[in-house]
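Remarks on the overall topology
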2 protein chains.
Amino acid sequence: MVYFYYMLDQLEQQMSTFSRAEQRVANWVLTHPRQTAEATLAVVANACGTSEPTVIRFCRRLGLSGFRELSIRLTEAASKPGSVIHRAVNADDTISDAAAKVFDASIQSLMEVRSMLSTLPIDQAVGAMKMARSLVFVGLGASGHVANDACHKFFRLGIPCAAVNDTPGMLQHAAIAAHKDVFVFVSHTGRWPVLGDAARKARQRGATVVAITDESSTLATNASILFPLQATEDTCVFTPMSSRVTQLVLLDAIQVALALALGEVAAEHLQRTKLALSDLPSG
Amino acid sequence: MVYFYYMLDQLEQQMSTFSRAEQRVANWVLTHPRQTAEATLAVVANACGTSEPTVIRFCRRLGLSGFRELSIRLTEAASKPGSVIHRAVNADDTISDAAAKVFDASIQSLMEVRSMLSTLPIDQAVGAMKMARSLVFVGLGASGHVANDACHKFFRLGIPCAAVNDTPGMLQHAAIAAHKDVFVFVSHTGRWPVLGDAARKARQRGATVVAITDESSTLATNASILFPLQATEDTCVFTPMSSRVTQLVLLDAIQVALALALGEVAAEHLQRTKLALSDLPSG
DNA sequence: CTAAAATATGTAGTAAAATTACAAAACATT
DNA sequence: AATGTTTTGTAATTTTACTACATATTTTAG
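All values derive from a computational prediction rather than experimental measurement. (Residues numbered from 1 in each chain as written. Chains lettered and ligands numbered in written order. Predicted model: local features only at pLDDT ≥ 70, side-chain atom pairs only at ≥ 80, totals over all residues. Heavy atoms only, no water.)

Turning our eyes to something else, we now look at the pattern of salt bridges. A full pass over the atoms with the stated rule returns 24 salt bridges over all chains. Linking Arg 73 of chain A and Glu 69 of chain A is a salt bridge whose minimum nitrogen-to-oxygen distance equals 2.4 Å. In this pair, Arg 73 of chain A and Glu 69 of chain A are both assigned in helix 6 (residues 67-78), four residues apart and thus about one turn of the helix distant. A relative accessible area of 9% means that Arg 73 of chain A is categorised as buried. Between Arg 114 of chain B and Asp 104 of chain A there is a salt bridge, and its shortest N-O distance comes to 2.4 Å. You can see Arg 114 of chain B sitting in helix 7 (residues 95-115) and its partner Asp 104 of chain A sitting in helix 7 (residues 95-115), one on each of two chains. For Asp 104 of chain A, a relative accessible area of 13% puts it in the buried group. A single network of salt bridges, built from pairs that share partners, joins Arg 34 and Glu 38 of chain A together with Glu 69, Arg 73 and Glu 76 of chain B. (Salt bridge = Lys/Arg side-chain N within 4 Å of Asp/Glu carboxyl O. Helix = DSSP H or I, 4+ residues; strand = E, 2+ residues; numbered from the N terminus. Buried < 20%, exposed > 50% of the residue type's maximum accessible area, 1.4 Å probe, protein only.)

Residues lying three or four places apart along an α-helix face the same way, a consequence of the helix completing one turn every 3.6 residues. All names here are of chain B. Turning to helix 5 (residues 52-61), its buried residues are Thr 54, Val 55, Phe 58 and Cys 59. Within helix 5, the buried residues cover an arc of 145 degrees as seen down the axis, which keeps them to one side. The inward-facing, buried residues of helix 5 abut helix 1 (7-14), helix 2 (20-31), helix 4 (41-47) and helix 6 (67-79). Phi for Gly 63, located one or two positions after helix 5, is positive at around 85 degrees. (Arc of directions from axis to C-beta. Contact = heavy atoms within 4.5 Å.)

It is worth spelling out the sheet that holds strand 1 (residues 134-139) of chain A at this point. All names here are of chain A. Across the sheet, which stays open at both edges, the five strands sit in the order 2-1-3-4-5 with parallel pairing between neighbours. Strands at the two margins of the open sheet, each flanked by one partner only, are strand 2 (161-164) and strand 5 (225-228). Averaged over all neighbouring strand pairs, the angle between strand axes comes to 15 degrees, with direction disregarded. Looking at chain direction, strand 1 and strand 3 (residues 181-186) are connected through six bridges and run parallel. (Pairing = 2+ DSSP bridges. Axes fitted to C-alpha atoms, helices over the stretch in contact; angles between N-to-C directions.)

This part takes up the pairing of strand 4 (residues 208-213) of chain B. Residue and element names in this part refer to chain B. The element strand 4 is extensively covered by neighbouring structure, given that six of its six residues are classed as buried. Alternating positions in strand 4 separate into two faces, Thr 208, Val 210 and Ile 212 on one and Val 209, Ala 211 and Thr 213 on the other, with burial throughout. Where strand 3 (residues 181-186) meets strand 4, five bridges bridge the pair, whose relative direction is parallel. Opposite Val 184, over in strand 4, you have Val 210 as the bridge partner. The parallel pair strand 3 and strand 4, bridged by helix 11 (residues 193-204), forms a crossover whose chirality is right-handed. Summarising the sheet, strand 4 and strand 5 (residues 225-228) pair through four bridges and their orientation is parallel. (Right-handed = clockwise from strand over helix to strand, strands pointing away.)

This part covers the nonpolar core. In this structure, Phe 154 and Phe 227 of chain A together with Phe 154, Phe 227 and Leu 251 of chain B are the most contacted members of the largest nonpolar core, which totals 93 residues. Of all hydrophobic cores here, the second largest spans 25 residues; its members include Ala 26, Ala 39, Ala 45 and Leu 74 of chain B. (Core = buried A, V, L, I, M, F, W, Y, C linked by side-chain atoms within 4.5 Å.)

For DNA strand C, the set of nearby residues contains 20 residues, the closest of which are Ser 19 and Thr 50 of chain A together with Leu 41, Arg 60 and Phe 67 of chain B. Here a phosphate oxygen of DNA strand C sits 3.2 Å away from a polar atom, N or O, in the side chain of Thr 54 of chain A. Note that a phosphate oxygen of DNA strand C is positioned 2.8 Å from one of the backbone N or O atoms of Phe 67 of chain B. Where the surface near DNA strand C is concerned, the elements lending two or more residues are helix 2 (20-31) and helix 5 (52-61) of chain A together with helix 4, helix 5 and helix 6 of chain B. Ranked by residue count, the leading element in the surface near DNA strand C is helix 5 of chain B, at four residues. Taken together, the residues of the surface near DNA strand C sort by class into seven nonpolar, six polar and seven charged. (Near = heavy atom within 4 Å. Polar contact = N/O pair within 3.5 Å; in protein donor to acceptor, adjacent residues only side chain to side chain. Nonpolar A, V, L, I, M, F, W, Y, C, P; charged D, E, K, R; others polar.)

Within the structure, Arg 73 of chain B has its side chain in polar contact with the side chain of Glu 69 of chain B (distance 2.5 Å). Side chain to side chain, Arg 73 of chain B and Glu 76 of chain B meet in a polar contact 3.3 Å long. If we skip the residues at most four places from it in the chain, Arg 73 of chain B touches Glu 38 of chain A together with Met 7 and Leu 64 of chain B.

Take the environment of Asp 166 of chain A next. Residue and element names in this part refer to chain A. Following the sequence through the fold, Asp 166 ends up in the loop between strand 2 and helix 10 (167-175). For the pair Asp 166 and Leu 140, spaced 26 residues apart in the sequence, the C-alpha separation amounts to 6.4 Å. Among the polar contacts made by the side chain of Asp 166, one reaches the main-chain amide nitrogen of Gly 169 at a distance of 3.2 Å.

Okay, the protein's contact with DNA strand D next. Within the structure, DNA strand D sits among 20 residues, and Leu 41 and Phe 67 of chain A together with Ser 19, Ala 21 and Thr 50 of chain B are positioned closest to it. Here DNA strand D approaches the protein such that, of its atoms within 4 Å, sugar and phosphate make up 67%. Between DNA strand D and Ala 21 of chain B, the relevant distance is 2.9 Å, taken from a phosphate oxygen to a main-chain nitrogen or oxygen of the residue. Here Thr 50 of chain B contributes a side-chain N or O atom positioned 2.6 Å from a phosphate oxygen of DNA strand D. Broken down by secondary-structure element, the contributors of at least two residues to the surface near DNA strand D are helix 4 (41-47), helix 5 and helix 6 of chain A together with helix 2 and helix 5 of chain B. The dominant element in the surface near DNA strand D, judged by the number of residues it contributes, is helix 5 of chain A, at four residues. Classifying every residue of the surface near DNA strand D gives seven nonpolar, six polar and seven charged.

Next up on the list: the sheet that holds strand 1 (residues 134-139) of chain B. Residues and elements named next belong to chain B. In space, the five strands of this open sheet follow the order 2-1-3-4-5, with parallel pairing throughout. On the outer flanks of this sheet lie strand 2 (161-164) and strand 5, each paired with one strand and no other. With direction set aside, neighbouring strand axes in the sheet form an average angle of 15 degrees. Its contacts with the sheet place helix 10 (residues 167-175) against strand 1, strand 2 and strand 3, and it is angled at close to 140 degrees to strand 2.

See the structure below:
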């Protein structure tokens, strides 16, 4: 399953898979996204010179539940941000300019992911984790810290968790993966071959593999549930990897969603772990 | 005539003009914007414990044509970041609502810190680090991961770095601190006494102590250079610690500023560490 | 080139959702 | 307490989204 950032990208991508009448609909939607979002099924069908069922079939082919969802997705796409343009840090920047740019970059990438939240398989990930025997968070290098952080967060829900930061470790974990285990692979580019190998192995053994990585990576193709975060190449040596931040916050969001899904039990675990730290001096 | 940028702002503003039943609707919509946008009239009416016409009258009072338009306006509002002033996650939030709130919280706290960048002692920190013999990043628990991440980032500038996540470790490091060492303490509340102790000891031995922590903590009072990040108390068990994100990005900013200050040499080191990872398959 | 199969499209009907009309209830005012 | 006003819900109506099925079109195989 491939997930797209925005409706309209997906539309262009899938254009060839549509039938003649459906392509007319696709074209009209592409050229009048806002109008489509506010119009009724009958109006759209008429404007495309086709019938209502064809428009509905067109929606279904996009993986949507129907015309109503198309409206929602189009409205989202139309109000996507894209306004905050991140400028690269220059060697002649003042310290506060550079710092502001670093913050802007992080804020921007968070906003981007936020705007595509509805297209991300958070539900599916939560569904798998809800019934998991254990969670294994895997990450190398900078992503390793994200994996560790996630481990530290999720275990507080009362689920056995592990974090793995090394190659042999992840292969060993994959080798003994069981049906109800959920692996979460975190990687900026997803290009280290060993990540793909470990993911495949874990899946073969029946585990669910969640991947937070670039869409076009080998890791992505080996995942059961994919969170596609585009890996923007560093044009400048000074540019820090702001992908870590989005990975981190995305995992925050998943953890909160999981906590909600687990309900009372999780809430109590969270409370207890917080209380365990509460006997500190107030200063 | 008052023009509103977003539905939700208008909603809060007009709250007093609503009748009792309408206020129930307004409240529900404010706390579940995303859910409302995707739900049907009947569902919303039911969730608010009122009838369908009341919901429609509520829409009309907002100047909308009906429930259909409310859906569209809410979807817009929910996809435009920053529109939702962060509200706490409720136990009955949908996954989408909860995820958006988590992102909003992080985005908001980043924007807050961004707006006070000019008041932060980044120059001073960079000045000290520029001539440092070594950098020691200290953090316990969740902040430990931030410390590790920072260590992993700064060492690429060619400066000897260490990360410390345990109590004895930090005391030992402090005990052998030297004049040209820079310690960076990361802590959400800064209330663990051992952090203050270690910081004081390190300073006594002539090291520079940078602290990223709450202004009113014991750690803060023992620091030579303070980055005050307010520790907002968690009102809700589900609220994740978004302070980690600001700590992380702040350290990113400091690292970039330091790289710029070091100039050529640092740039070359960064380049080399990137090249060391570049012989990966392209898939 | 034709017959059969598969696919695409539209018509007409159905279910569901939004909206309206109107009456009952709650509230305020004298 | 009676009257007028506002608020709210019930039930009917209209509109909208969706489905089942029949017809047309294209594709494929002999």
